[in-house]
Amino acid sequence: MRVILAEDSTLLREGLVRLLAEEGHEVLAAVGDGEALIEAVAAQEPDVVVVDVRMPPTHTDEGLRAALEIRRHRPHVKVLVLSQYVEKKYATELMSGNVDGVGYLLKDRVAQVGDFLDALERVGAGGAAFDPEVVRQLLARTSHADPLARLTGREREVLELMAQGLTNASVAQALHVSQSAVEKHVNALFDKLALSHTAGYSRRVLAVLRYLGS
């Protein structure tokens, strides 16, 4: 794949460049701020961008806002966020549109290099890759009026795994239940959330995150 990196830590940025090159990917550019990322994407048209959330000049949300701009103007460019933080507002916005080719991983939770590379390949192929902790934080609601409160514990587990991009078969394997049981939970939770059932795991993530952003 043709990749552009946006990471303000020089050490990590150079490490990622070497890792991706060793895996056969072409790193078109490696930049240290959101503005440079947008310029590099416009100039080089990568397949995927890997972007941190907090970068210069304010070290708040520049990277994620740049990712949103890229998705708005170049929806064919895939985006993998790699950060230490879950920026809920912009993360929800990023994932409330078409989530084909979108991922969000937490640096501290990427236990193996292979996990990162697998997520990158998955996003690059048009799939979704969300860290479970990102999903949990976005699913966290405290309002008594929240329809999520109507879900059973098992339905919530299924929803969280779906929001990570898992298929019914993968959810069944993770929860050690049958696929037919998962399908029943899926149908039940979509009914409770008043969400239409659509095929394709990324569309299911989209439906969940659209609900969260409503």
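Refer to the preceding data block for the structure.
Note that the structure is a prediction, hence the values are computed from the model and not measured.

**Looking at the packing of helix H2 (residues 34-44) against helix H3 (residues 62-73)**
No. 1: Two elements in contact, H2 and H3, have axes separated by 8 Å at closest approach and are oriented at 25°. As the angle between them shows, H2 and H3 are arranged roughly parallel. Taken as a pair, H2 and H3 cross one another with a handedness that is right-handed. Seen from H2, the contacting residues are Gly34, Leu37, Ile38 and Val41; seen from H3, they are Glu62, Ala66, Glu69 and Ile70.
No. 2: A class-by-class count of the residues in the contact of H2 with H3 yields 5 nonpolar, 1 polar and 2 charged.

**Re the nonpolar core**
No. 1: Core analysis: the largest hydrophobic core is formed by 35 residues, its most contacted members being Leu37, Met95 and Tyr104.
No. 2: Take this core: its biggest share by element is 5 residues, from H3.
No. 3: Among the nonpolar cores identified, the runner-up in size contains 16 residues, and Leu5, Leu20, Leu82 and Ala119 belong to it.

**So, helix H1 (residues 10-22)**
No. 1: Look at H1: 18 Å from first C-alpha to last across 13 residues, which is about the 18 Å you get at 1.5 Å a residue.
No. 2: Listing the buried residues of H1 in full gives Arg13, Leu16, Leu19 and Leu20. Across the axial projection of H1, the buried residues extend over an arc of 130°, all falling on one side. Away from the buried face of H1 by more than 90 degrees, exposed residues Leu11, Arg18 and Glu22 are located.
No. 3: Buried-residue contacts for H1 involve strand E1 (2-6), strand E2 (26-31), strand E4 (78-83) and helix H5 (113-124).
No. 4: Of the residues trailing H1, glycine 24 is marked for its positive phi of about 90°.

**Topic: the sheet that holds E2**
No. 1: What the 6 strands build is an open sheet, ordered E2-E1-E3-E4-E5-E6; its pairing is parallel. In this open sheet, the two edge strands, each paired with only one partner strand, are E2 and strand E6 (128-130). Here the average twist between neighbouring strands, direction ignored, is 15°.
No. 2: Here E1 runs beside E2; their pairing, made up of 5 bridges, is parallel. Across the sheet, isoleucine 4 pairs through a bridge with alanine 29, a residue of E2.
No. 3: Its contacts with the sheet place H5 against strand E3 (48-51), E4, strand E5 (102-106) and E6, and it is angled at close to 155° to E4.

**Examining the environment of alanine 21**
No. 1: Considering the arrangement of structural elements, one finds alanine 21 in helix H1.
No. 2: Each C-alpha atom, one on alanine 21 and one on valine 3, is 9.9 Å from the other, the two residues being 18 residues apart in sequence.

**Looking at the pattern of salt bridges**
No. 1: Counted under the stated rule, the structure contains 5 salt bridges.
No. 2: Residue glutamate 7 pairs with lysine 107 through a salt bridge whose shortest N-O separation is 2.9 Å. Taken together, the positions of glutamate 7 in the loop between E1 and H1 and lysine 107 in the loop between E5 and H5 put the pair 100 residues apart, joining distant regions of the chain.
No. 3: With a relative accessible area of 4%, glutamate 7 lands in the buried category.
No. 4: Here arginine 65 ties to aspartate 61 by a salt bridge, and the two come within 2.7 Å at their closest N and O atoms.
No. 5: Classification of aspartate 61 by relative accessible area gives buried; the value is 14%.
No. 6: Here the residues in one salt-bridge network are Glu7, Asp52 and Lys107, joined through shared partners.

Rules of the game
Residues numbered from 1 in each chain as written. Predicted model: local features only at pLDDT ≥ 70, side-chain atom pairs only at ≥ 80, totals over all residues. Heavy atoms only, no water. Axes fitted to C-alpha atoms, helices over the stretch in contact; angles between N-to-C directions. Helix = DSSP H or I, 4+ residues; strand = E, 2+ residues; numbered from the N terminus. Parallel < 35°, antiparallel > 145°, perpendicular 65-115°, else oblique. Left-handed = near helix turned anticlockwise from the far one by under 90°. Contact = heavy atoms within 4.5 Å. Nonpolar A, V, L, I, M, F, W, Y, C, P; charged D, E, K, R; others polar. Core = buried A, V, L, I, M, F, W, Y, C linked by side-chain atoms within 4.5 Å. Buried < 20%, exposed > 50% of the residue type's maximum accessible area, 1.4 Å probe, protein only. Expected span 1.5 Å × (residues − 1). Arc of directions from axis to C-beta. Pairing = 2+ DSSP bridges. Salt bridge = Lys/Arg side-chain N within 4 Å of Asp/Glu carboxyl O.

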